[in-house]
Amino acid sequence: MPNWKDKMIRMMYGRYGADTLYAFLQVLFWIVFVVNLFVRSSILSLFSSLILVWMLFRFFSRNIEKRRKENECFLRISKPMRSFISLQKMRWRERKNKRFRRCPYCKTILRLPIKKGVHVASCPKCHHDVKVHIWW
Ligand SMILES: [Zn+2]
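Small disclaimer: the values here were computed from a predicted structure and weren't measured.

## Side note on the overall build of the protein chain
Item 1. Within the protein chain, the secondary structure is distributed over four helices and four strands.
Item 2. The helix and strand sequence of the protein chain, counted from the amino end, reads α-α-α-α-β-β-β-β.
Item 3. By the compact-globule yardstick of 14 Å for 136 residues, the protein chain is too spread out, its C-alpha radius of gyration being 23 Å.
Item 4. Scored against the burial criterion, the 136 residues of the protein chain give a buried share of 24%.
Item 5. Total accessible area on the protein chain stands at roughly 10700 Å², and carbon and sulfur atoms take up 65% of it.
Item 6. A distance of 9 Å separates the average location of the 29 positive side-chain charges in the protein chain from that of its 7 negative side-chain charges.

## Overview of a nonpolar patch on the surface
Item 1. Taken together, the side chains of Val27, Trp30, Ile31, Phe33, Val34, Val35, Leu37, Phe38 and Val39 make up a nonpolar region of the molecular surface, amounting to roughly 890 Å² of accessible area.
Item 2. When its relative accessible area of 35% is taken as the criterion, phenylalanine 33 is described as partly exposed.

## A few points about the layout of surface pockets
Item 1. Within this model, the largest pocket holds a volume of roughly 170 Å³.
Item 2. Every residue along the wall of the largest pocket is listed here: Thr20, Ala23, Phe24, Phe74, Ser78, Met81, Arg82 and Ile85.
Item 3. The element contributing the most residues to the lining of the largest pocket is helix H4 (residues 64-93), with five residues.
Item 4. When the residues that make up the lining of the largest pocket are grouped by side-chain class, the tally is five nonpolar, two polar and one charged.

## Points about the domain arrangement of the protein chain
Item 1. One can read the domain layout of the protein chain as domain 1 (1-93) and domain 2 (96-136).
Item 2. Taking only C-alpha atoms into account, the centre of domain 1 sits 38 Å from that of domain 2.

## Notes on the pairing of strand E3 (residues 117-122)
Item 1. Where E3 meets strand E4 (residues 129-134), six bridges bridge the pair, whose relative direction is antiparallel. Of the residues in E4, the one forming a bridge with serine 122 is aspartate 129.
Item 2. Hairpin connection, E3 to E4: the antiparallel pair is bridged by six residues, and histidine 127 has positive phi, about 65°.

## Structural notes on the pattern of salt bridges
Item 1. Enumeration according to the criterion identifies six salt bridges in this entry.
Item 2. Put simply, arginine 111 and glutamate 94 hold a salt bridge, and the shortest N to O gap is 2.5 Å. Remark: glutamate 94 occurs in the loop between H4 and strand E1 (98-102) and arginine 111 occurs in strand E2 (residues 109-113); sequence separation between them is 17 residues.
Item 3. With a relative accessible area of 42%, arginine 111 lands in the partly exposed category.

## Quick notes on the coordination of the zinc ion
Item 1. Those donors, Cys103 (SG), Cys106 (SG), Cys123 (SG) and Cys126 (SG), are the protein atoms that reach the zinc ion, and they lie 2.3 Å from it.
Item 2. Coordination geometry of the zinc ion: the four donor atoms subtend angles of 104 to 114° at the metal centre, consistent with an arrangement described as tetrahedral.
Item 3. Each donor residue of the zinc ion lies on one chain, and together they are spaced C-x2-C-x16-C-x2-C. Note that cysteine 106 is positioned in the loop between E1 and E2 and cysteine 123 in the loop between E3 and E4, a separation of 17 residues in sequence.

## Re the nonpolar core
Item 1. Counting residues in hydrophobic clusters, the biggest one holds nine residues: Leu21, Tyr22, Leu25, Phe29, Val32, Ile51, Met55, Phe59 and Phe74.
Item 2. Every element with two or more residues in this core is listed here: helix H2 (20-39) and helix H3 (42-60).
Item 3. Broken down by element, the residue count for this core peaks at five residues, all from H2.
Item 4. Discounting residues that sit within four places of it in the chain, methionine 55 has contacts with Tyr22, Leu25 and Gln26.
Item 5. By size, the runner-up hydrophobic cluster in this structure holds eight residues, among which are Cys103, Leu110, Cys123 and Ile134.

Reading guide: rules and limits
- Throughout this description, residue numbers start from 1 for each chain and increase along the sequence as written.
- Under the rules for a predicted model, residues below a pLDDT of 70 receive no local features and side-chain atom pairs below 80 are neither given nor counted, while totals for whole chains, interfaces and linings still include all residues.
- Water and hydrogen atoms play no part in the side-chain values, which are based on all heavy atoms of the structure.
- Secondary structure elements follow DSSP: runs of H or I no shorter than four residues count as helices, runs of E no shorter than two count as strands, and numbering proceeds from the N terminus.
- The globule rule used for comparison is 2.2 Å times the number of residues to the exponent 0.38, while the radius of gyration itself is calculated over C-alpha atoms.
- We call a residue buried when its accessible area falls under 20% of the maximum for its residue type, exposed when it is over 50%, and partly exposed in between, using a 1.4 Å probe and counting protein chains only.
- Residue burial considers only the protein chains on display, and all accessible areas are found by Shrake-Rupley using a 1.4 Å probe.
- Neither His nor the chain ends contribute to the count of charged residues, in which Lys and Arg are positive and Asp and Glu negative.
- Where a charge lies is defined by one atom per residue type: Lys uses NZ, Arg uses CZ, Asp uses CG and Glu uses CD.
- Each patch groups residues whose relative accessible area exceeds 30% and which form no salt bridge, using 9 Å between like charges and 5 Å between nonpolar side chains of Val, Leu, Ile, Met, Phe, Trp and Tyr.
- A pairing counts as a salt bridge when a side-chain nitrogen of Lys or Arg comes within 4 Å of a carboxyl oxygen of Asp or Glu.
- Within this scheme a cavity is a closed region of a 1 Å grid, computed over the protein atoms alone, that accommodates a 1.4 Å probe without allowing it to escape, whereas a pocket is open but has protein on both sides within 12 Å along at least five of seven lines; lining residues each have an atom within 4 Å of a point.
- Grid points are joined across faces, edges and corners, and a volume is the space filled by probe spheres set on the points.
- In this classification, Asp, Glu, Lys and Arg are treated as charged, Ala, Val, Leu, Ile, Met, Phe, Trp, Tyr, Cys and Pro as nonpolar, and every other residue, Gly included, as polar.
- Throughout the structure description, domain borders are defined by an automatic or database domain assignment.
- Whether two strands pair depends on DSSP finding at least two bridges between them.
- The donor set covers N, O and S atoms within 2.8 Å of the metal, switching to 3.2 Å for Na, K and Ca, and it leaves out water, so a site may look short of donors.
- In this scheme the shape depends on donor count and angles: four donors with every angle between 85 and 135 degrees give tetrahedral, four or six donors with opposite pairs above 155 degrees and others between 65 and 115 give square planar or octahedral in turn, and any other case is irregular.
- The set of buried Ala, Val, Leu, Ile, Met, Phe, Trp, Tyr and Cys residues whose side-chain atoms join them within 4.5 Å is what this entry labels a nonpolar core.
- When checking whether two residues touch, look at their non-hydrogen atoms; a contact exists if any pair is within 4.5 Å.

Right under this line is the structure:
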């Protein structure tokens, strides 16, 4: 039993392991798996099995460069979705102190302190003055 950890370390040596795509596939797998508990579809069952196989294949793969490129591609494709989610998290976290408004010139999201009324804010990206209405 004492060299169980050593055996695991030796087995994982030179293998790719976990990354962002792995974490995404894990979440996707559990979502499909739980949905399939209620739906009981053979197509969803096959789909979740394929996700699991792909996940494990990537985890134990020795072709590190190819897995790294796959992850890079995934990060590039998922960037808009990930930044949307992180913006929503920030909006929720700061909902009591800040208001978020879009700059009409460059579409950047402005993070403003709550001061009720109409104000003029300067956009940090395009430096236009933006009229901002904050009512609540
Ligand atoms: Zn702007």
